[in-house]
Amino acid sequence: MKLATKDQYITTLNEANASITDYVPKNPADYPTSTDWYQELVRIAPMTNHSFDVSGSGEKNSYSFGGSYLFQNGIMDSKNQYERFNLRVKLDQDVNQYLKVGFNNILSRTSQYNPNEGAFFGAFVNPPVYPVYDDNNLDAYPVRFGSPQTFGYGNQYGNPVAAAYYPENFEKGNKLVFSAYAEFYPIKDKLTFKTAFNQDITNYTPRNYIPEYNVGGSQGVISSSLTKTSGSASKQILDNLLTFNNRSGVHSYSILLGQSTRIERYEFLAGSALNVPGFDDQSKYIVMGSFMNRNAWDGASRYHGVSFFTRGTYNYNSKYMATLTFRADGSSKYQKKWGYFPSIGLGWDLTQEDFMKDQKWFNYLKLRGSWGLLGNDNVPANSAVILGQTGPGSSAVFGNTLVDGVGAQTVLQNFLRWEVVSEFNLGLDFVAKNTKFSGDLDLYHRVTNNVVFFAPIATGGGVAELLANNGKVLNMGVEMMLNWRDNITDYLSYNISFNATTVHNRVLELDGRDFIPGAFVRGNYTTRTAVGHPIGSFYGYEIAGVYQSEGQALLDPVSQVIKDRGFFKYQDQNGDNVINDEDKVYLGSAIPWLITGIDYGMNYKEFDFSISLYSQVGNKILNAKRMIRDIFADGNYDQDFVENRWTPENKSDKYPSAQAYNFSFTQQANDFFVENGSFIRIQNIQVGYTTNKIKNIQMLRFYISAQRPYSFFTYNGFTPEIGGSPISAGVDNSIYPMQAIYTIGLNANF
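Residues numbered from 1 in each chain as written. Predicted model: local features only at pLDDT ≥ 70, side-chain atom pairs only at ≥ 80, totals over all residues. Heavy atoms only, no water.

Peer 1: Would you explain the overall build of the protein in this entry?
Peer 2: Of the regular secondary structure elements, the protein holds seven helices and 38 strands. With the C-alpha coordinates aligned to their principal axes, the bounding extent of the protein is approximately 95 × 70 × 70 Å. Every one of the 750 residues in the protein was classed for burial, and the buried ones make up 40%. At a minimum sequence separation of 6, the contacts of the protein that also span at least 24 residues come to 66%. A total accessible area of about 39600 Å² is found for the protein, and carbon and sulfur atoms account for 55% of it. Averaged over its 63 positive side-chain charges, the protein has a centre that lies 9 Å from the centre of its 70 negative ones. (Helix = DSSP H or I, 4+ residues; strand = E, 2+ residues; numbered from the N terminus. Buried < 20%, exposed > 50% of the residue type's maximum accessible area, 1.4 Å probe, protein only. Contact = heavy atoms within 4.5 Å. Areas by Shrake-Rupley, 256 points an atom, 1.4 Å probe, with all protein chains shown as cover. Lys, Arg positive; Asp, Glu negative; His and termini not counted. Charge placed at Lys NZ, Arg CZ, Asp CG, Glu CD.)

Next up, the structure:
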């Protein structure tokens, strides 16, 4: 997405302020440069990745060990890089005919400099009229960066390159992933007991340092600051599985009994100080800072989970199949600790039936159906308790004495229960007679009961967010996968696959509310979750057009806050000739109704080619980064607005004038800011050459690839894929440029 140049910006800004008394029009000649702030911030970021693997096996064992090294620069031109070393060891050993053991260890060491991503926001809003560096800015130190305040801009602006240059956010860490198992065979080929233990241990030490510096206005600090953290996280999983398999004639069946225990712990200790010298890494310690300005804090969380489950399968002559499961899951994250989740699946291979023997269409055709319940406890670990916090906000003065207190850090109102997904699937798998054409088709109907997410609630001090069971949500649709493979000659073959998923999302019930607002932008909620609509639907005004003249505005019988040429004409939904909150409507959802993908591959002798495409259709995006003109009234514009804005010569019926664009009446949720987010993306292109004709090398492969080299979309943003919580997805404050990765690689097997 391109931003306005200096000349475009000044022309548009003068239009926006033409009616303001005492406004002096700006002259491009008064500004020394036209700065493309994004171009100044980004760079080509090289990445290198090397790995090796050694493997072997004996009569009763197999082993492998290897390592890898990754180094990657970030695209922001600052201290911005990532480095990782990996070591891996794996061993499987048959102790005897009744016992097999094994383990797998992965040790990682990482270090990285994280960029100040806020600099990209500065690049988006900063006027393009002042230079990156300015030798005449004598107030700037230690680097003579250019300052927007030198040219009369307010303190809400700051040099983006300086914002990226000064902060130093460094982090290093170690991670150990250990897994081990033992399999016992009390009855060979029938009864198996397996116990497995998995442990993830992570230690990390972030260090955030900001030196003393000044650029201009409020961009600068008079005292350097250092914050250091030492944290650790641990995840443990212990699984015990007992499986019995048996076959009798055309009947085969299995029974599994299982138990799983999960423990997760997280803890950190942090401290900070001011006036810490930044000569080198050896000086960046809290003890080197001012004794009067040292602080410390800590925190922790813990999660315990336990599960008991069983599964039974039955197969009759590979024609009729059935699977039954039942789980009992306990989680410390909910007040109601236990959830119970059964499921059933049935399959029927129609091609095994007599009535299918003479048909000429299918080599394989299977019909299947399933129903089940699945629990979700993917919520914060301390959701079932009220957390207290001390500090100035929780303390009070009694008799001229400050008395420490404890305040509620979280709100606990509802009795949290398991989020439960009830899903029904009906599907078929097929392979055509020629075996070139295959595919599968699924119809799914998924209802999430007791759906858990944070929702705003009114409090005595304003608005807080409460984690609660908020209702029932439906997702239903069709999933399809089609594949075609063919060998044209002995040397030339190709394959193509197409997948598509449709999504129909609706809120079925809300617990205790008519609607739930979400996505607070510029003082207003911009989404609404209500029964009969997709979750987190955008909610605002529908635009009926743009007033083309003052006369047209005056003759319009509908009353709204501002009526003038170049301003939006909002749709009077209820016919009362007054535009107010009663005229807001649902403007679409961030959830696409169609998701598709195409993969194509071709092989000719030693050469191969592949390409993958991905698309979404029907998703909407709230372009919130455009809704900031009330704060950044003289900030930069994107080129799409500059080229299409309403002017007396370009009487747009969609875009407002530059003057109208600055008003809060315009800067609210409406279908100008809610844009189409549909897109088609080239996910990956790869060309490779593979040979086994080199002496002492079993296989050598050379390839070049491009990941996400191009995306086709009409949305006025950097990417059409915008995440968010269930009730605020698709709200785009993102100003991080999209990245394409180009790779040259070599694989060799000896």
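Peer 1: Got a minute to help me understand the sheet that holds strand S31 (residues 585-586) in this structure?
Peer 2: The strands that make up a sheet are held in pairs by hydrogen bonds between backbone atoms, and each pair lies either parallel or antiparallel. What the four strands build is an open sheet, ordered S26-S27-S28-S31; its pairing is antiparallel. The sheet is open, and its two edges are formed by strand S26 (515-521) and S31, each paired on a single side. In the sheet, strand S28 (residues 537-540) pairs with S31 via two bridges, with the strands oriented antiparallel. Bridging from a neighbouring strand, glycine 540 pairs with valine 585 of S31. (Pairing = 2+ DSSP bridges.)

Peer 1: It is not clear to me how the environment of leucine 191 should be interpreted in this structure. Could you clarify?
Peer 2: By secondary structure assignment, the location of leucine 191 is in strand S6 (residues 191-210). Sequence separation between leucine 191 and arginine 446 is 255 residues, and the spatial gap between their C-alpha atoms is 36 Å. When sequence neighbours within four positions are dropped, the list of residues in contact with leucine 191 reads Phe184, Tyr185, Pro186, Leu242, Thr243 and Phe244.

Peer 1: Whenever I open this one, the packing of aromatic side chains confuses me. Can you help?
Peer 2: To describe a pair of aromatic rings, one takes the distance between the centres and the angle between the planes. Taken as a whole and judged by the stated rule, the model has 42 aromatic pairs. Relative to tyrosine 166, the ring of phenylalanine 145 has its centre 5.7 Å away and its plane inclined at 75°; by these criteria the two rings are edge-to-face. Of this pair, phenylalanine 145 sits in the loop between helix H3 (118-125) and helix H4 (160-165) while tyrosine 166 sits in the loop between H4 and strand S5 (168-187), placing them 21 residues apart in sequence. Neither phenylalanine 145 nor tyrosine 166 differs from the other in exposure class; each is buried. (Phe/Tyr/Trp six-rings, centres within 6.5 Å; stacked < 30°, edge-to-face > 60°.)

Peer 1: Looking at this model, I keep getting lost on the nonpolar core. Mind explaining?
Peer 2: In terms of nonpolar packing, the biggest core is built from 66 residues, with Tyr9, Tyr38, Leu41, Phe124, Leu622 and Tyr637 touching the most fellow members. When residues in this core are grouped by element, the largest group, five residues, is from H3. If you look at the next biggest cluster of nonpolar residues, it comprises nine residues, including Val451, Ala455, Leu510 and Ile727. (Core = buried A, V, L, I, M, F, W, Y, C linked by side-chain atoms within 4.5 Å.)

Peer 1: Which parts of the structure should I look at to understand a nonpolar patch on the surface?
Peer 2: Together, Tyr320, Leu324, Ile344, Leu346, Trp348, Phe355, Leu367, Trp371, Phe424, Leu426 and Leu443 make up an exposed nonpolar region whose accessible area comes to about 1000 Å². Put simply, the parts of the chain that give the nonpolar patch at least two residues each are strand S12 (320-331), strand S13 (338-349), strand S14 (362-376) and strand S19 (419-432). Assignment of secondary structure puts phenylalanine 355 in the loop between S13 and S14. (Patch = residues over 30% accessible without salt bridge, like charges linked within 9 Å, V, L, I, M, F, W, Y side chains within 5 Å. Salt bridge = Lys/Arg side-chain N within 4 Å of Asp/Glu carboxyl O.)

By themselves, these are just geometric observations and shouldn't be taken as functional.
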